[in-house]
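Each chain is listed here by its residues.
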Amino acid sequence: MSDIAKLELEGQVYELPVITGTEGEKAVDITQLRAKTGHITMDDGYGNTGSCQSKITFIDGEKGILQYRGIPIEELAEKSSFVEAAYLLINGHLPSRTELRRFSDMLTQNENLHEDMKYQFEGFPSNAHPMAILSAMINASSCFYPGLMVNRPNPARFEVHAARLLSQVRTIASFSYRKSHGLPIIYPKPSYKYTANFLHMMFSDVYQDYELKPEVVRALDLIFLLHADHEQNCSTATVRMVASSQANLFACAAAGVCALWGPLHGGANQAVIEMLEDIHRSGDDGSKFINAAKDKNSGKRLMGFGHRVYKNYDPRAKIIKKACDQLLSTLHISDPLLDIAKKLEEAALQDSYFVERKLYPNVDFYSGIIMRALNIPTEMFTVIFAIGRMPGWIANFKEIMDDPKSRIYRPRQVYMGATQNPFIPMDERK
Ligand code: ACO
């Protein structure tokens, strides 16, 4: 197969190299296009643009495949844990027993926020959205560690920065929840593992520790693991964009949190539950809503459905749906929203509108129902996503920092605005 593409432009033929990825993906390398032809390419929303070469995560959206460092997500979901998957993503290989112990110890050693951070929390109004607090506090915490401001830390320092971020994001998230509910802050407990510790900081009270049920810890750990990376999505591409300017790791992660917040991205898990609650309140079984979601003038979409990359069932959605059924049955919870979600899914998968557009459930469709069963409030759903996504952001940041040839990200545009517009003095303006 040819590794050269030919482009005919204004009567001249140009040769462009073709790059082939390890999974057979092909890309026409246009890095020299403008220099050679004076043209740029146009790709609104970057649907066909490869912004980098990466070794972290592979997705085949047509076949519904997701792999972290080559390992299928289904295997990781069954056999691994969030912390182990985080190590894998960041370091590129599964940890040995000693490496995993060392990594876990580093997370524990870095779990406490600087004590003065408490005053930062006090400044937020009690109804502040926890995603706003999370992004602000991730950025603020870098102020307490001037060493973090180094843009290309050496490997030993990077390890500490990464552990601090991964560990503290969970402390910040739980503090923001406590703050928004007017509850006293619960400090992390070094004897607890990552996910158990988060549940402890969220739900223990001053007098009694939260009862850590293994199935609850496991369900939340699975949610974190399934969200840990997803190649060049909106938030990860944002992290890489900011990292390309050599901003510090915490600044890049704070930018990632902001990008994740929107309802078309990580905010969809909150939007799904709000949609299901609306349907339930209105007495609809989902059929009216499906029609509204197909009507472009209704302003509604079937949240938790569709994906830029997956044109097949999102493999994470399959795993989450199964885990959701198991958890609700173990905890003896009957949630009417789960019934509505299943009806919506069944109806959509048989409806030509969704079938023709290849719209399938994505990771957010069932994750909210699990989080409701864990008593996590709806406004915290996207925060949970952000905690889960942190290893992927850190791994992508590292990939940029480790590449001596990395350049600042700077897309171009096709200007369509006014030309030759004279300046009109104030008195003559309408
Ligand atoms: N409900 C109804 N129609 C939809 C939906 C949906 N959920 N998603 C896409 N469509 C329709 C669009 O209206 C469009 O129809 P048209 O071709 O007749 O104009 C077509 O399907 C293609 O949709 P686009 O918006 O062009 O697809 P894009 O790749 O830009 O968007 C996105 C992907 C944002 C995920 C979209 O499917 C969506 O809005 N889904 C709901 C929100 C959601 O669940 N987001 C979470 C994504 S996963 C994640 O970020 C973790």
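Located above this text is the structure these notes cover.
Q: I tried to follow the overall build of the protein on my own but got confused; where do I start?
A: Counting secondary structure elements, the protein contains 18 helices and six strands. For 430 residues, the compact-globule estimate of 2.2 N^0.38 gives 22 Å, and the protein sits close to it at 23 Å. Seen through its C-alpha atoms, the protein measures out along the principal axes to roughly 80 × 65 × 55 Å. Put simply, the protein has 430 residues, and 47% of those count as buried. For the protein, the proportion of contacts with a sequence separation of at least 24, taken over those separated by at least 6, is 71%.

Q: Which parts of the structure should I look at to understand the sheet that holds strand β6 (residues 71-72)?
A: What links the strands of a sheet is backbone hydrogen bonding, and the strands pair in either a parallel or an antiparallel sense. The three strands lie next to each other as β4-β5-β6, forming an open sheet whose pairing is antiparallel. Among the strands making up the open sheet, the edge pair consists of β4 (57-60) and β6. As defined by bridge partners, strand β5 (residues 65-68) adjoins β6 across two bridges and the pair is classed as antiparallel. Following the sheet pairing, Gln 67 is matched in β6 by Pro 72.

Q: What should I look at first to understand unusual backbone geometry in this one?
A: Excluding glycine, a negative phi dihedral is what most residues carry, and trans is how most peptide bonds are arranged. With a phi close to 50 degrees, Arg 69 is a non-glycine residue in the positive phi region. Among the secondary structure elements, Arg 69 is positioned in the loop between β5 and β6. Judged by relative accessible area, which is 23%, Arg 69 ranks as partly exposed. For Lys 358, which is not a glycine, the phi torsion comes out positive at approximately 55 degrees. Looking at the secondary structure, you find Lys 358 in the loop between α16 (352-356) and α17 (364-373).

Q: Could you clarify how one ought to interpret the pairing of strand β2 (residues 12-20) in this entry?
A: Note that strand β1 (residues 4-9) and β2 share six bridges and pair antiparallel. Counted as the bridge partner of Glu 8 is Val 13 from β2. Hairpin connection of β1 to β2: two residues between the antiparallel strands, including Glu 10 at a positive phi of 50 degrees. Two strands pair when backbone bridges link them, and β2 and strand β3 (residues 26-28) are joined in this way by three bridges, in the antiparallel orientation. Across the sheet, residue Val 18 finds its bridge partner in β3, namely Val 28. Connecting β2 to the next strand, β3, in antiparallel fashion are five residues, including Gly 24 with a positive phi near 85 degrees.

Q: Looking at this structure, I do not really get the site of the ligand. What am I missing?
A: Near the ligand, the surroundings consist of 20 residues, among which Arg 301, Leu 302, Gly 304, Arg 308 and Tyr 353 are the closest. Within the side chain of His 265, a nitrogen or oxygen atom sits 2.9 Å from an oxygen atom of the ligand. One of the side-chain N or O atoms of Arg 301 is found 2.7 Å from an oxygen atom in the ligand. Considered on its own, the ligand offers 910 Å² of accessible surface; in the complex 76% of this is hidden by protein.

Q: So what exactly am I meant to see when it comes to the sheet that holds β1 here?
A: As summarised here, the arrangement of the three strands in space is β1-β2-β3, forming an open sheet in which the pairing is antiparallel. Because the sheet does not close on itself, it has two edges, and the strands there are β1 and β3. Neighbouring strand axes in the sheet, compared pairwise and without regard to direction, differ in orientation by 30 degrees on average.

Q: It is not clear to me how the pattern of salt bridges should be interpreted in this structure. Could you clarify?
A: A side chain of one charge can pair with a side chain of the opposite charge if their charged atoms are brought near each other. This model, assessed by the stated rule, comprises 17 salt bridges. Among the ionic pairs, Asp 209 bridges to Lys 189, the shortest N-O distance being 2.4 Å. Placement of the pair is Asp 209 in the loop between α8 (194-203) and α9 (214-226) and Lys 189 in the loop between α7 (155-180) and α8, with a sequence separation of 20 residues. Classification of Asp 209 as partly exposed rests on a relative accessible area of 34%. Judged by its relative accessible area of 29%, Lys 189 is partly exposed.

Q: Mind showing me how you'd approach the packing of aromatic side chains here?
A: Two aromatic rings, taken as a pair, are described by how far apart their centres are and by the angle between their planes. Counted under the stated rule, the structure contains 15 aromatic pairs. Here Phe 175 and Tyr 187 contribute two aromatic rings whose centre-to-centre distance is 6.1 Å and whose plane-to-plane angle is 75 degrees, an arrangement assigned as edge-to-face. Of this pair, Phe 175 sits in helix α7 while Tyr 187 sits in the loop between α7 and α8; the two residues are 12 residues apart in sequence, bridging distant segments of the chain. Taking 6.3 Å as the distance between ring centres and 50 degrees as the angle between the ring planes, the aromatic pair formed by Tyr 313 and Tyr 360 counts as tilted. One end of the pair, Tyr 313, is in the loop between α13 (287-294) and α14 (315-330); the other, Tyr 360, is in the loop between α16 and α17, and 47 residues separate them in sequence. The rings of Phe 305, Tyr 353, Phe 354, Phe 365 and Tyr 366 are connected pair by pair, giving a single aromatic cluster. The cationic tip of Arg 164 hangs over the ring face of Tyr 145; the distance from NZ or CZ to the ring centre is 3.9 Å. Against the face of Tyr 353 rests Arg 357, its NZ or CZ located 3.9 Å from the ring centre.

Q: Just to check I follow, could you spell out the nonpolar core for this structure?
A: General note: in soluble globular proteins, nonpolar side chains tend to be found buried as a group. Leu 134, Ile 138, Met 275, Leu 276 and Leu 302 are the most contacted members of the largest nonpolar core, which has 119 residues in total. Of all the elements, helix α18 (residues 381-402) adds the most residues to this core, at 13 residues. Viewed by domain, this core spans two of them, domain 2 (72-263 + 377-385 + 393-399) and domain 3 (268-373), each represented by three or more residues. For Leu 302, the contacting residues outside a window of four places in its chain are Met 275, Phe 289, Ile 290, Ala 293, Leu 344, Ala 348 and Phe 354.

Conventions used here
Residues numbered from 1 in each chain as written. Predicted model: local features only at pLDDT ≥ 70, side-chain atom pairs only at ≥ 80, totals over all residues. Heavy atoms only, no water. Helix = DSSP H or I, 4+ residues; strand = E, 2+ residues; numbered from the N terminus. Rg over C-alpha atoms; globule rule 2.2 N^0.38 Å. Buried < 20%, exposed > 50% of the residue type's maximum accessible area, 1.4 Å probe, protein only. Contact = heavy atoms within 4.5 Å. Pairing = 2+ DSSP bridges. Near = heavy atom within 4 Å. Polar contact = N/O pair within 3.5 Å; in protein donor to acceptor, adjacent residues only side chain to side chain. Areas by Shrake-Rupley, 256 points an atom, 1.4 Å probe, with all protein chains shown as cover. Axes fitted to C-alpha atoms, helices over the stretch in contact; angles between N-to-C directions. Salt bridge = Lys/Arg side-chain N within 4 Å of Asp/Glu carboxyl O. Phe/Tyr/Trp six-rings, centres within 6.5 Å; stacked < 30°, edge-to-face > 60°. Lys NZ or Arg CZ within 6 Å of the ring centre and 35° of its normal. Core = buried A, V, L, I, M, F, W, Y, C linked by side-chain atoms within 4.5 Å. Domains from an automatic or database assignment.

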